[in-house]
Amino acid sequence: MIRRLLLSASLLALAGCSAVGHWSQAAGGHLGITRAARPVSDWLADPATPADLAARLRLSQQMRDFASRELALPDNNSYRRYADLKRSAAVYNVIAAPEFGFTLKTWCYPLMGCAGYQGWFELDAAKQRADALKAEGWEVQVQPIPAYSTLGWSRLLGGDPLLNTFIRYTEGELAAMIFHELAHQRVYVSDDTGFNEAYASAVELIGARRWLAGKPEALTAFEAGRERRARFLALARDGRERLQAVYSGPAASRPAGKAAVMAALRQRAPTEAPGYEAWFQRANNANFAILSAYSDLVPAFMRLFEQEGRDWVKFHAAVERLAPLPRDERRATLRGLEGGSDDTDPATRQTR
């Protein structure tokens, strides 16, 4: 881990001050989190730990055991420690897309690969980066993120910890969060954000349902939340398609056409996606683009899980076989899985 960090830093030195500055704050921010983390057993033994937090930590450890035992996710030291960051987000992601398009700006780093977002541990720094991108003509958003994965690289520093930013999620969503982040440690492709996030989102959804089996009240609450999310995603998907039609038309008509589509979405949101009105009020192309990255390929991964007989070991192995393929071939293979019955269609069952 340390040697890898040093190598990355030396390589980034060749990329300019901006890259070095971002890497420096990223390394420092993560080290700050690892220093704040203590073993869950220490928190449980501490009489000052609030009872409700202790209960959530115990539950998290049951979920962590379940993830490796039942879902074939990595069995390591991640999520065996807990840190209170004294803030509401672990990291702040800057996302950017063109004024009339949905191609995410990507950032690439040695060893870590490329992603359609750039993470900052300080909100002010993220806002400054966002302002700089806006000045270049990008549509930009800063998103607070409750958790992130180091892909298993931090195991020598204690692994990725549980955080106050998500530990009090409802039972189903807490399980989903842990399973999602562990999935990134199982399979991660350096050049395909959409592949990575859709795979992890499928794992979290299937895994959370399995965890909640036999817990009807918690499962009902989880499914209700996912149904609300599905309605939101359906409206967002329709909006993205309407915007894409505008962007494919004459350049002179794009500004007015875009404004009309966005106004209609904001008007439709209260009835078609209640609870998500604020998202549509502030949404721009960056929001639509990142949402697509997390959701578009989920049906294919759900289908792959069924194709592999709902066997987790076989499913992960099938995903691992896709990883080395060229991006277009990988996507084409997944797209070929999207036919079949509607039993796993995220239009009714979708991820966060």
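Within each chain, residue numbers correspond to sequence positions counted from 1 in written order. Local features in a predicted model are, by the rule used here, given only for residues with pLDDT of at least 70; side-chain atom pairs are given and counted only at 80 or more, and totals for whole chains, interfaces and linings are based on all residues. Side-chain measures were taken over the full set of non-hydrogen atoms in the model, leaving aside hydrogen atoms and water.

For the chain, an unreviewed UniProt entry supplies the name Aminopeptidase and the organism Pelomonas dachongensis.

## As for the pattern of salt bridges
Salt bridges, as used here, are contacts in which a Lys or Arg side-chain nitrogen is within 4 Å of a carboxyl oxygen on Asp or Glu. Overall, the coordinates contain 20 salt bridges when judged by the stated rule. The shortest N-O distance in the salt bridge between Arg-226 and Glu-173 comes to 2.9 Å. Of the two residues, Arg-226 sits in helix α8 (residues 216-247) while Glu-173 sits in helix α6 (residues 171-186), which places them 53 residues apart along the sequence. For the salt bridge of Glu-306 with Arg-310, the shortest nitrogen-to-oxygen distance reads 2.9 Å. Relative accessibility decides the category of a residue: with a 1.4 Å probe and only protein chains considered, values under 20% of the type maximum give buried, values over 50% give exposed, and everything between is partly exposed. A residue is classified by how much of its surface remains accessible, and Arg-310, at 44% relative accessible area, is partly exposed. Beyond isolated ion pairs, a larger network of salt bridges with shared partners links Asp-191, Asp-192, Arg-327, Arg-330 and Arg-331. Secondary structure elements are defined from DSSP: runs of H or I of at least 4 residues count as helices, runs of E of at least 2 residues count as strands, and each element is numbered from the N terminus.

## A word on the layout of surface pockets
A pocket here means an open set of points on a 1 Å grid, computed over the protein atoms alone, that has protein on both sides within 12 Å along at least five of seven lines. A cavity is instead a set of points where a 1.4 Å probe fits but cannot get out; residues with an atom within 4 Å of a point line either one. Grid points are joined across faces, edges and corners, and a volume is the space filled by probe spheres set on the points. When its volume is computed, the second largest pocket comes out at roughly 450 Å³. In this structure, the second largest pocket is lined by 19 residues; those nearest its centre are Leu-104, Gly-194, Ala-293, Arg-327 and Arg-331. Elements with a minimum of two residues in the lining of the second largest pocket: β5 (113-115), α7 (193-212), α11 (285-295) and α14 (327-335). Each residue receives one of three labels: charged for Asp, Glu, Lys and Arg, nonpolar for Ala, Val, Leu, Ile, Met, Phe, Trp, Tyr, Cys and Pro, and polar for the others, Gly being one of them. Looking at side-chain class alone, the lining of the second largest pocket contains 7 nonpolar, 6 polar and 6 charged residues.

## Considering the sheet that holds strand β7 (residues 139-145)
An order of β6-β3-β7 is seen for the 3 strands of this open sheet, with the pairing classed as antiparallel. Looking at strand neighbours, the two that pair on one side only are β6 (118-120) and β7, the edges of this open sheet. Taken pair by pair, the neighbouring strands of this sheet meet at an average axis angle of 25°, ignoring direction. The criterion for strand pairing is that DSSP finds at least two bridges linking the strands in question. Examined bridge by bridge, strand β3 (residues 91-97) and β6 share 3 bridges and lie antiparallel to one another. Of the residues in β6, the one forming a bridge with Val-94 is Gln-118. Axis geometry follows a simple rule: fit a line to the C-alpha atoms, using only the stretch in contact for helices, then measure angles between N-to-C directions, giving values from 0 to 180 degrees.

## What about the sheet that holds strand β2 (residues 81-83)?
Think of a sheet as strands paired side by side through backbone hydrogen bonds, with each pair either parallel or antiparallel. Ordered by their spatial adjacency, 3 strands build an open sheet running β1-β2-β8, and the pairing between neighbours is mixed. Across the chains shown, the open sheet's two edge strands, defined by having one partner strand only, are β1 (38-39) and β8 (162-163). Sheet analysis places β1 next to β2, joined by 2 bridges and oriented antiparallel. Note on β2: the bridge partner recorded for Arg-38 is Tyr-82.

## Observations regarding the packing of aromatic side chains
Any pair of Phe, Tyr and Trp rings, taking the six-membered ring for Trp, is counted once the centres come within 6.5 Å. Such a pair is stacked with planes under 30 degrees apart, edge-to-face with planes over 60 apart, and tilted for the rest. For the structure shown, the criterion picks out 19 aromatic pairs. Relative to Phe-315, the ring of Tyr-199 has its centre 6.0 Å away and its plane inclined at 40°; by these criteria the two rings are tilted. Highlighted residues: Tyr-199 in helix α7 and Phe-315 in helix α13 (residues 312-322), separated in sequence by 116 residues. Phe-315 carries the same exposure label as Tyr-199, and that label is buried. An aromatic cluster of at least three residues, connected via ring pairs, comprises Phe-100, Phe-102, Phe-232, Tyr-247, Tyr-276, Trp-279, Phe-280 and Phe-288. Of note, Arg-38 hangs over the ring of Trp-43, and the distance from its end group to the ring centre comes to 4.3 Å. Here the basic side chain of Arg-330 rests over the ring of Phe-195, its NZ or CZ set 5.4 Å away from the ring centre. Whether a charge lies above a ring is judged from NZ of Lys or CZ of Arg, which has to be within 6 Å of the ring centre and within 35 degrees of the ring normal.

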